[in-house]
Amino acid sequence: MLEQLKRKTMPGKLALAAVWLVLGGVLFAYLFPSLRLLIRGPQDFYALTTDQLEGSYVSADIEVVYDWYAETVQQYGSDPDTTTLSREYLVPTSDGNVLGVQVPASMIPTAESVMEDTYLWLTDPDYVWNGEVLSVEGTVQAMDQETQDLFYEALVDGYGLTEEELGSFRPLLLIHGDIGTLSRGELTVLGLADLAMLAAGVVLVVFALTGHYQKPIRRYCAAQPDPESLREALDRFYEDTPAENRLRCSRDWVLYEDGGRSWLLSTRDIAWVYGATVTHRTNGIRTGQTHSVKVCSLSEPRRLRRHTVRVRNPEQTRAVIDQIARWVPQAVYGYEPAWDHLYDKDPRAFLDRMQQARREEPAPPADQPAPAAPADSANPAGSGPSPKYM
């Protein structure tokens with residue numbers, strides 16, 4: 001039986017695993033260039049020429065900052081105040097060129113201080129450098145058009161370069177904190193998401209191949225005095241008992257087949273069966289209902305006692321309860337809110353109390369027929385109580 005259930009479960013779980021693995025693979029391909037740069041580590045900014053810088057992941061202790069030419073600010077609504085998020089500065093390269101360096105707001109005071117030191121160094125022959133540097137680490141990228149226009153405007157207006165001279169200055173921008181096209185934070189979050197996707201795919205494959213989704217049934221078998229004989233009996237039960245509403249019911253067992261949600265109970269271990277309906281609402285508006293049948297165990301641990309049979313509608317709820325009642329007449333059927341506490345406290349005492357109440361119910365008058373038991377020619381118990389539904 002376990003092998004048949006595994007074969008039924010495996011295609012769906014492997015398909016789901018394939019989805020996660022494909023998504024993880026696509027995301028990994030997107031992250032790979034940045035991951036490769038991160039693993040390789042930053043290169044020395046001043047060891048590269050301007051032509052070598054584009055696309056490089058570099059680090060530098062910048063001693064010279066000429067000026068700033070652009071900043072990114074944030075403004076809320078009509079509030080005239082703005083918040084500076086980042087600022088871009090002009091810095092020299094190792095071969096006498098100039099490029100932009102973008103730093104976040106937290107590094108602007110340091111950049112401004114180094115810029116002031118640079119001005120004093122250029123204008124005051126007696127100035128002694130204090131050793132302060134702007135330490136950056138990031139990826140050099142081509143500027144977008146708006147940033148490029150501001151970059152060239154600064155070179156023309158601030159340093160008197162002609163249009164012809166601008167051709168020797170490549171519009172490159174070193175973005176502090178970026179690794180490839182991603183910031184360090186983005187790479188961390190997406191990397192963790194990718195690991196989760198790949199791990200989910202691998203776990204699903206392992207679970208599908210090993211039959212892990214039949215773990216509740218395997219655990220049930222292992223807890224019995226003779227697990228091997230029980231497995232043989234369950235194999236015969238599975239072959240001889242047809243499925244109806246994804247349930248296989250016999251004198252000895254009730255089996256629910258629903259992939260990883262499958263479960264098995266002895267008919268002697270079923271205490272309570274009832275229908276449950278959950279109403280879904282969005283912003284107070286009813287959007288739908290979910291129906292199920294709860295089959296509650298006498299002996300299982302509290303967190304595992306209530307087993308679920310998923311159904312489509314109230315009619316199927318009634319059909320499933322009828323199906324179980326034909327084979328488990330001793331169980332309690334129906335639902336009352338007060339029963340929850342009684343069952344959770346002591347399932348055996350709950351069942352005994354409800355059976356005693358059933359025995360003490362007065363018999364119907366002689367001129368009235370007794371309530372009919374659920375009709376089924378295959379009912380091994382002969383007759384049973386008529387189930388009460390929600």
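Structure report, in brief. (Residues numbered from 1 in each chain as written. Predicted model: local features only at pLDDT ≥ 70, side-chain atom pairs only at ≥ 80, totals over all residues. Heavy atoms only, no water.)

## Side note on the overall build of the protein chain
- Across its full length, the protein chain holds eleven helices and 16 strands.
- By the burial criterion, 39% of the 390 residues in the protein chain qualify as buried.
- Put simply, 61% of the contacts in the protein chain that link residues at least 6 apart link residues at least 24 apart.
- About 21,800 Å² of surface is accessible on the protein chain, with carbon and sulfur atoms providing 55% of the total. (Helix = DSSP H or I, 4+ residues; strand = E, 2+ residues; numbered from the N terminus. Buried < 20%, exposed > 50% of the residue type's maximum accessible area, 1.4 Å probe, protein only. Contact = heavy atoms within 4.5 Å. Areas by Shrake-Rupley, 256 points an atom, 1.4 Å probe, with all protein chains shown as cover.)

## Considering the side chain of Ser-292
- Looking at the secondary structure, you find Ser-292 in strand E14 (residues 285-297).
- Under the relative-accessibility criterion, Ser-292 is labelled buried at 10%.
- Every residue in contact with Ser-292, bar those within four places of it in the chain, is listed here: Tyr-274, Gly-275, Ala-276, Thr-308, Val-309, Val-311 and Thr-317.

## Details of unusual backbone geometry
- Even without being glycine, Asn-245 reaches a positive phi, approximately 55 degrees.
- Among the structural elements, Asn-245 can be located in the loop between helix H8 (227-240) and strand E10 (247-249).
- Look at Asn-245 and you get partly exposed, because its relative accessible area is 22%.
- A positive phi angle, close to 55 degrees, is found at Asn-283, a residue other than glycine.
- Structurally, the position occupied by Asn-283 is in the loop between strand E13 (270-282) and E14.

## A few points about the pattern of salt bridges
- Enumeration over the complete set of coordinates arrives at eleven salt bridges.
- With a closest N to O distance of 2.5 Å, Glu-54 and Arg-170 form a salt bridge. Residue Glu-54 is located in the loop between helix H2 (50-53) and strand E2 (57-62), and its partner Arg-170 is located in the loop between helix H5 (163-166) and strand E7 (172-176); the two are separated by 116 residues in the primary sequence.
- Here Glu-54 falls in the partly exposed class, since its relative accessible area comes to 38%.
- Its relative accessible area of 28% is what places Arg-170 among the partly exposed residues.
- Residues participating in the shared-partner salt-bridge network are Arg-302, Arg-306, Asp-340 and Asp-344. (Salt bridge = Lys/Arg side-chain N within 4 Å of Asp/Glu carboxyl O.)

## Some points on the environment of Glu-146
- Structurally, Glu-146 can be placed in helix H4 (residues 145-159).
- Residue Glu-146 is classed as exposed on the basis of its relative accessible area of 62%.
- Distance in space between the C-alpha atoms of Glu-146 and Ala-70 is 9.8 Å, their sequence separation being 76 residues.

## Points about the nonpolar core
- Among the nonpolar cores identified, the biggest contains 22 residues, and Val-103, Leu-134 and Val-136 are the most heavily contacted of them.
- Where this core is concerned, the elements lending two or more residues are E2, strand E4 (82-92), strand E5 (98-104), helix H3 (108-123), strand E6 (134-142) and E7.
- Residue contributions to this core peak at four residues, all from H3.
- With residues up to four places along the chain from it excluded, the contact list for Val-136 reads Val-58, Ser-59, Ala-60, Ile-62, Val-101, Val-103, Met-107, Leu-174 and His-176.
- Listed in part, the 19 residues of the second largest apolar core include Val-295, Val-309, Val-328 and Ala-331. (Core = buried A, V, L, I, M, F, W, Y, C linked by side-chain atoms within 4.5 Å.)

## A closer look at the pairing of E14
- With twelve bridges joining them, E13 and E14 adopt antiparallel strand pairing. Bridging from a neighbouring strand, Ala-276 pairs with Ser-292 of E14.
- Counting the residues in the hairpin turn of E13 and E14 gives two residues, including Asn-283, whose phi is positive at 55 degrees.
- Bridge count between E14 and strand E15 (residues 306-311): six bridges; the pairing is antiparallel. Along E15, the bridge assignment pairs Val-293 with Val-309. (Pairing = 2+ DSSP bridges.)

## Some details on the packing of aromatic side chains
- Using the criterion set out here, one finds 15 aromatic pairs in the structure.
- Pairing Trp-272 with Phe-350 gives two aromatic rings, centres 5.2 Å apart and planes at 50 degrees, and the pair type is tilted. Here Trp-272, found in strand E13, pairs with Phe-350, found in helix H11 (residues 347-359); they are 78 residues apart in sequence, far enough to count as distant.
- Judged by centre distance (5.9 Å) and plane angle (80 degrees), the ring pair of Tyr-343 and Phe-350 falls under edge-to-face.
- Ring-pair connections join several aromatic residues into one group, and the members of that group are Trp-272, Tyr-274, Tyr-335, Trp-339, Tyr-343 and Phe-350.
- Above the face of the Trp-68 ring, Arg-87 is positioned so that its terminal group lies 4.4 Å from the ring centre.
- The ring of Tyr-343 is capped by Arg-305, whose NZ or CZ atom sits 5.9 Å from the centre of that ring. (Phe/Tyr/Trp six-rings, centres within 6.5 Å; stacked < 30°, edge-to-face > 60°. Lys NZ or Arg CZ within 6 Å of the ring centre and 35° of its normal.)

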